[in-house]
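# Summary of the model geometry
Below are the chains, spelled out letter by letter.
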Amino acid sequence: MRIPFFFVLLMLCCGINAVASSAPDMIEYPSRWGIISFDHQEHQRRAGECTVCHHQGAEMGACNTCHGVLPTTPIHKDVLHKLCKDCHREKRGPTECAGCHDPEHVDESVFQDN
Ligand code: HEC
Ligand code: HEC
Ligand code: HEC
Ligand code: HEC
């Protein structure tokens, strides 16, 4: 069967829009250091491309679909620390623990391994 080119384009656009419109505005991670509030919408603008973070494509689902699950993928916390802090070092986002972790919960003596 021959599929007209404009139809393929239409499907591509709708597919991408469906993912974009389901993108959350804010993401809240619970952690032992309190909730980390991550402004997803603002970060979409800051990063420019979805694939900066969704390196397999946003339609592949949450990071922990693979990370911490598949044997070859590093655990979720390490992956997020690397991604978040690398860009923050470069573009002057927060890099101190309390910049992301709820300051009321931060007790630097709790963690030696980070
Ligand atoms: C600065 C990093 C970053 C950028 C840029 C980014 N996202 Fe995300 N996005 C995340 C993180 C982190 C999550 C939470 C995933 C999880 O729960 O593990 C998320 C979650 C989502 C979700 C909820 C479903 C899911 O996969 O968990 C959707 C949909 C999504 N993003 C779409 C997009 C789209 C579309 C773009 C580009 C317009 C985009 N994101 C750009 C980091 C980012
Ligand atoms: C479909 C599976 C899959 C999904 C979904 C996925 N990843 Fe990955 N990720 C991998 C695999 C496999 C690797 C290791 C191989 C590689 O570097 O591509 C990896 C590697 C990484 C690395 C490099 C780690 C290092 O130590 O160099 C980062 C950072 C990363 N992922 C972040 C994320 C973030 C953030 C999300 C969610 C927004 C995400 N990934 C979603 C499969 C996935
Ligand atoms: C592509 C670069 C980039 C990535 C990746 C990124 N950030 Fe940011 N983030 C920024 C920049 C730039 C700022 C500072 C913006 C300002 O001060 O105007 C920032 C600021 C923040 C702030 C302060 C509040 C705010 O939104 O201004 C938090 C919290 C934050 N980021 C959390 C995260 C987390 C958690 C991740 C990983 C899931 C992450 N960021 C990944 C670029 C990035
Ligand atoms: C740029 C934002 C950011 C900064 C800065 C940051 N973290 Fe995190 N941290 C996160 C995110 C996002 C997670 C993932 C939470 C999850 O997996 O649900 C996390 C998770 C963790 C966890 C795992 C929490 C748990 O409940 O298992 C520990 C421990 C941790 N961070 C310690 C630290 C320490 C120590 C510092 C300072 C040296 C630090 N973090 C700085 C964003 C940040």
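Residues numbered from 1 in each chain as written. Chains lettered and ligands numbered in written order. Predicted model: local features only at pLDDT ≥ 70, side-chain atom pairs only at ≥ 80, totals over all residues.

## Re the site of ligand 1
Not every one of the 19 residues close to ligand 1 is listed here, only the nearest: Ala47, Cys50, Cys53, Ala62 and Cys63. Taken together, the elements giving at least two residues each to the shell around ligand 1 come down to α1 (5-21) and α2 (40-47). At four residues, α2 tops the list of elements feeding residues into the shell around ligand 1. Residue composition of the shell around ligand 1, grouped by class: twelve nonpolar, seven polar and no charged. (Near = placed C-beta within 6 Å. Helix = DSSP H or I, 4+ residues; strand = E, 2+ residues; numbered from the N terminus. Nonpolar A, V, L, I, M, F, W, Y, C, P; charged D, E, K, R; others polar.)

## Thoughts on unusual backbone geometry
Only a minority of non-glycine residues have a phi that is not negative, and only a minority of peptide bonds are not trans. Despite not being glycine, arginine 92 has its phi angle at roughly 65°, a positive value. Inspection of the secondary structure assignment puts arginine 92 in the loop between α3 (76-91) and α4 (97-100). Judged by the 8 C-beta atoms lying within 10 Å of it, arginine 92 is exposed. (Buried ≥ 20, exposed ≤ 12 C-beta atoms within 10 Å, placed from the backbone.)

## Here we look at the pairing of strand β2 (residues 36-39)
In regular strands, side chains alternate between the two faces of the sheet. Note: strand β1 (residues 26-29) against β2, four bridges, orientation antiparallel. Within β2, the residue paired with tyrosine 29 across the bridge is isoleucine 36. The antiparallel hairpin formed by β1 and β2 contains six residues in its connecting segment, where glycine 34 sits at a positive phi of about 80°. (Pairing = 2+ DSSP bridges.)

## Side note on α3
For α3, which comprises 16 residues, the first-to-last C-alpha distance of 23 Å matches the rise-based estimate of 22 Å (1.5 Å per residue) to within 8%. Downstream of α3 by one or two residues, arginine 92 has phi in the positive range, about 65°. (Expected span 1.5 Å × (residues − 1).)

## Some words on the environment of cysteine 87
Note that cysteine 87 resides in helix α3. Residue classification places cysteine 87 among the partly exposed residues on the basis of 16 C-beta atoms within 10 Å.

Shape is all these values report; function is a separate question.
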